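Descriptive structure summary
So you can see what is in the structure, the chains are spelled out below.
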Amino acid sequence: MAFRFSPSYWRIVLGLCCMFTLVHTALSTPPEDPVRCVSGNTDCSVTNSYGVFPDRSTCRAANVAYPTTEAELVSIVAAATKTRRKMRVTTRYSHSIPKLACTDGTNGLFISTKFLNHTVQADAGAMTLTVESGVTLRQLITEAAKVGLALPYAPYWWGLTVGGMLGTGAHGSSLWGKGSAVHDYVTEIKIVSPGSVNDGFAKVRVLSESTTPVEFNAAKVSLGVLGVISQVTFGLQPMFKRSLKYVMKNDLDFDDQVLTLGEKHEFADFVWLPSQGKVVYRMDDRVAVNTPGNGLYDFLPFRSQPSAALAIIRSSEEKQEIFRDATGKCAEATLLSSTLFSTSYGLTNNGIAFTGYPVIGSQNRMMTSGSCLDSLQDGLTTACAWDSRIKGEFYHQTCFSIPLTQVKSFITDIKSLVKIDQKSLCGLELYNGILMRYVTASPAYLGKDTEAIDFDLTYYRAKDPLTPRLYEDFIEEIEQIALFKYNALPHWGKNRNVAFDGVIKKYKNAPAFLRVKKSYDPDGLFSSEWTDQILGIKGNATIVKAGCALEGLCICSEDAHCAPTKGYMCRPGKVYKEARVCTRVGDINA
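Every chain is numbered independently, its residues counted from 1 as its sequence is written. The predicted nature of this model means local features are confined to residues of pLDDT at least 70 and side-chain atom pairs, given and counted, to a pLDDT of 80 or more, with totals for whole chains, interfaces and linings taken over all residues. Side-chain measures were taken over the full set of non-hydrogen atoms in the model, leaving aside hydrogen atoms and water.

In the nomenclature of an unreviewed UniProt entry, the protein corresponds to L-gulonolactone oxidase from the organism Brassica oleracea var. oleracea. UniProt positions are given in the numbering used here, feature names are shortened, and annotations may be inferred rather than shown by experiment. Quoted verbatim from the Cofactor (unreviewed entry) field of UniProt, the annotation for the protein is "FAD". Per its UniProt entry, the protein bears the Catalytic activity (unreviewed entry) comment "L-gulono-1,4-lactone + O2 = L-ascorbate + H2O2 + H(+)".

With that out of the way, let us pick up the pattern of salt bridges. We count a salt bridge whenever a side-chain nitrogen from Lys or Arg sits within 4 Å of a carboxyl oxygen from Asp or Glu. One pass over the full model with this rule turns up 30 salt bridges. Linking Glu318 and Arg314 is a salt bridge whose minimum nitrogen-to-oxygen distance equals 3.2 Å. Here Arg314 and Glu318 lie together in helix H7 (residues 307-322), a separation of 4 residues that amounts to about one turn. With respect to burial, Glu318 and Arg314 carry one shared label: buried. Its salt-bridge partner being Arg496, residue Glu479 comes within 2.8 Å of it at the nearest N-O pair. Residue Glu479 is found in helix H12 (residues 472-485), and its partner Arg496 is found in the loop between strand S24 (489-490) and helix H13 (510-520); the two are separated by 17 residues along the sequence. In this scheme, a residue with accessible area under 20% of its type's maximum is buried, one over 50% is exposed, and one in between is partly exposed, where area comes from a 1.4 Å probe on protein chains only. Owing to a relative accessible area of 3%, Arg496 belongs among the buried residues under this scheme. A single network of salt bridges, built from pairs that share partners, joins Arg242, Asp269, Arg282 and Asp284. Strands are runs of DSSP state E lasting at least two residues, helices are runs of H or I lasting at least four, and both sets are numbered from the N terminus onward.

Moving on, we get to the nonpolar core. Nonpolar side chains in soluble globular proteins tend to end up buried together. By nonpolar core we mean a set of buried residues, namely Ala, Val, Leu, Ile, Met, Phe, Trp, Tyr and Cys, connected to one another through side-chain atoms within 4.5 Å. In this structure, Leu151, Phe234 and Ile534 are the most contacted members of the largest nonpolar core, which totals 93 residues. Top element by residues in this core is H13. It accounts for 5 residues. Whether two residues are in contact is decided by their heavy atoms: any pair within 4.5 Å suffices. The residues touching Phe234, leaving out its near neighbours within four places in the chain, are Met127, Thr128, Leu129, Val131, Leu140, Leu151, Val162, Val182, Tyr185, Val186 and Thr187. Counting residues in hydrophobic clusters, the runner-up holds 41 residues, among them Ile411, Ile414, Tyr471 and Tyr486.

Compared with the 18 Å implied by 1.5 Å per residue over 13 residues, the 18 Å span of helix H2 (residues 70-82) between its first and last C-alpha is a close match. Listing the buried residues of H2 in full gives Glu70, Leu73, Ile76, Val77, Ala78, Ala80 and Thr81. Trailing H2 by a residue or two, Arg84 shows a phi angle of about 55 degrees, which is positive. Helix span, expected: 1.5 Å multiplied by one less than the number of residues in the helix.

This part is about the packing of H7 against helix H8 (residues 326-342). Angles run from 0 to 180 degrees between N-to-C directions of axes, and those axes are lines fitted to C-alpha atoms, restricted for helices to the stretch in contact. Running from N to C, H7 and H8 point in directions that differ by 140 degrees, and their axes come no closer than 8 Å. Between H7 and H8, the angle falls in the class oblique. Judged by residue contacts, Ser316, Glu317, Gln320 and Glu321 of H7 engage Gly328, Lys329 and Glu332 from H8. We call Asp, Glu, Lys and Arg charged. Ala, Val, Leu, Ile, Met, Phe, Trp, Tyr, Cys and Pro are nonpolar, and the rest, Gly among them, are polar. Looking at the contact of H7 with H8, its residues break down into no nonpolar, 3 polar and 4 charged. Orientation labels follow simple angle bins: below 35 degrees gives roughly parallel, above 145 gives roughly antiparallel, 65 to 115 gives roughly perpendicular, and whatever is left gives oblique.

So, about the side chain of Ser45. With respect to the helices and strands, Ser45 occurs in strand S2 (residues 42-46). For Ser45, the residues in contact, after removing those within four places along its chain, are Pro34, Val35, Arg36, Thr58, Cys59, Arg60 and Phe110.

Within this numbering scheme, the UniProt entry marks residues 57-239 as carrying the feature "domain: FAD-binding PCMH-type" (unreviewed entry). The distance separating the terminal C-alpha atoms of residues 57-239 is 44 Å; by composition the span is 20% helix and 29% strand.

Its place among the elements puts Trp492 in the loop between S24 and H13. Judged by relative accessible area, which is 4%, Trp492 ranks as buried. With residues up to four places along the chain from it excluded, the contact list for Trp492 reads Pro98, Leu100, Thr168, Val221, Leu223, Leu446, Phe500, Val503, Tyr507 and Ile534. Any pair of N or O atoms that falls within 3.5 Å is considered a polar contact. Within protein, one atom must be able to donate a hydrogen and the other to accept it, and sequence-neighbouring residues count only if both atoms are side-chain atoms. In terms of polar contacts, Trp492 uses its side chain to reach the backbone carbonyl oxygen of Leu446, at 3.0 Å.

Right, here's the structure in full:
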C-alpha cells in the first residue's frame, strides 16, 4: 500500500529544505528599489518591502531624487521648498509597513537616502561613530567593529537604515543601560529642513542633548516630519561578546518569569507559542571580549529561500485557509517551531556548525542578521521570503508595547482565549510565534514612556482584501485588548490602521513634539495625510467601508464591516467583551 502525503506534509518538507539547503548559500536576488518610475526619475511610485501598504493604496510622486552628499541634499530640499512641493523620505529597503514613505497627491517629491550611505567619522578614543542616514544597521555595526566599538542594542533585522530606525523608534530587547532603543544611543543629529528666503529655502541644524535638548528629543523619533536626517553620531561602547542559549519550557509560570528574566539577562527575549503551551527563553548575556568563541547568528528565516518552494508553501497555506484546516496549521506549527529550536534558530559556534550551548561570539556577529540581502542577481531563483516579486510570504504584523506592570494580566487574557479554542493561535506559530522584547522609557517625545514588553504578532494576510481569515476574531481581540484595555503603544513602523486611531493622545510629550514640527516645517511640506492622521492634526487613521475590519482598517461596528456573505459577522469579544471582532457565526472554530 502506497503512502499518500498531504499538502501540509509537503509544506513542511519544502520549508525545512529551504532552511537546510541554504544554510551556507549567499546567492539570492536582492530586493529592488522601493521607488519605481515610469521614465528616469519622473512619474514615480513607492511601496514597502512587502509590496502593499495596509490600505493597499498606491503612493505616487512626480519625481524622486537620490542625493549623494549633504550639499546635494540641501539643494534638493531648497528647490522643493521654494516651489512649496510636498516631500517624503524613502529608504533603501522601505521596511516600514504603514504609509510613512507616502507624500500627498501626485506632484510631490521622494527623497531617497539610498546613496547617503557613507561613514563620516569614526573616533575610537571618544567612542563615537558618525554616519549618513542611509547607512544600514549592518554597515553601522561593521564600521563600529573595525575600530573596536559596538552598538549595544539593535533590531534583529539588519536591513534597516539609520534614518529609518530613528524615524520609527526601532529597538532590540533589554532593560539594561539606557534600554534597547537605537535612538537612545544617538548623541548628535544633523537634519535638513525647509528654510526661509534668508536661509536659502533650506536650513541645516545640528542637534544634541546638551545644546538643543527639546529639538533633539523631538528628532530622535521623528516620523520623517521634521525634514531629512543627514548625519547621525552614535555614542558606542567597547566591543564585547555575548553568551547565548535558548531554553524551551511550558508556559505555566511564564507570566511570572517575564517580570524577572529581563533583570537577570541583559539581552533576554521570548518566543511564545500559546497554542502549544510553550515558550522559548533567550538566555543572553554580555561576557568579556577575550572569552573564547567565534559564534555567529544567521537567523534561519532571514536567509535566502528558493522561490519555487516559497510559492508551494504559500499555496498550501492558502488552501488551509480555504478549507479551514486548523488541524493542519497546528501540526505544521508544532513541527516548524521544534525544528527551529533544534537547529538553534541559525546560531553556529564558529560560523559553520552548531556544536552546543552556550554560543559565544562578538556583538557584531550575534546581535542582528539578514543574509538574504547578501545577494547576487539570480533571476529570482532565490529571494528573501517576503519579496513581493515572487509568490512568497504575505502577512500582517501587529506590534505594540504593554507596561511591564500589566504584562501578566495581558498574558492571562491571551491564555483565556486559547482555553476557548486550543487551535486558535496556531496561525501565529506558523510565523514563529509571538516575539516578546523588553523596552524602557525614553526621553524621545514619541518614544516609549515606561518599562514594557513589546509583543510582535505576524500572521497570514489574504491576497483578496475581502477574504476573512481563519480565527481572525481571536487575533483581532488580542489587538483590541492590547490597544484599549491596556492602552498599548503601537510600533510606529508596523501595524494596521486601527492601531493608530487616536494614538497621539497616548504620548504626554506630543505637544512639545508638535511645537518643534511647527517650527521646523511650518507649511507641512514634509507631512502627509497619513502623518497628519496619526499625529492628530487632521483626519483619522481608520477607513470605514465594506469589509474594512478584515484588514484592520477599522473596528467593526456593523456586519458589513466584516464578510457577512461568508458568514463573518461583527460580534463582541470572547474574553474582552468591549471588543468588536469579525466572527464566523454558527461555527465554534471561527
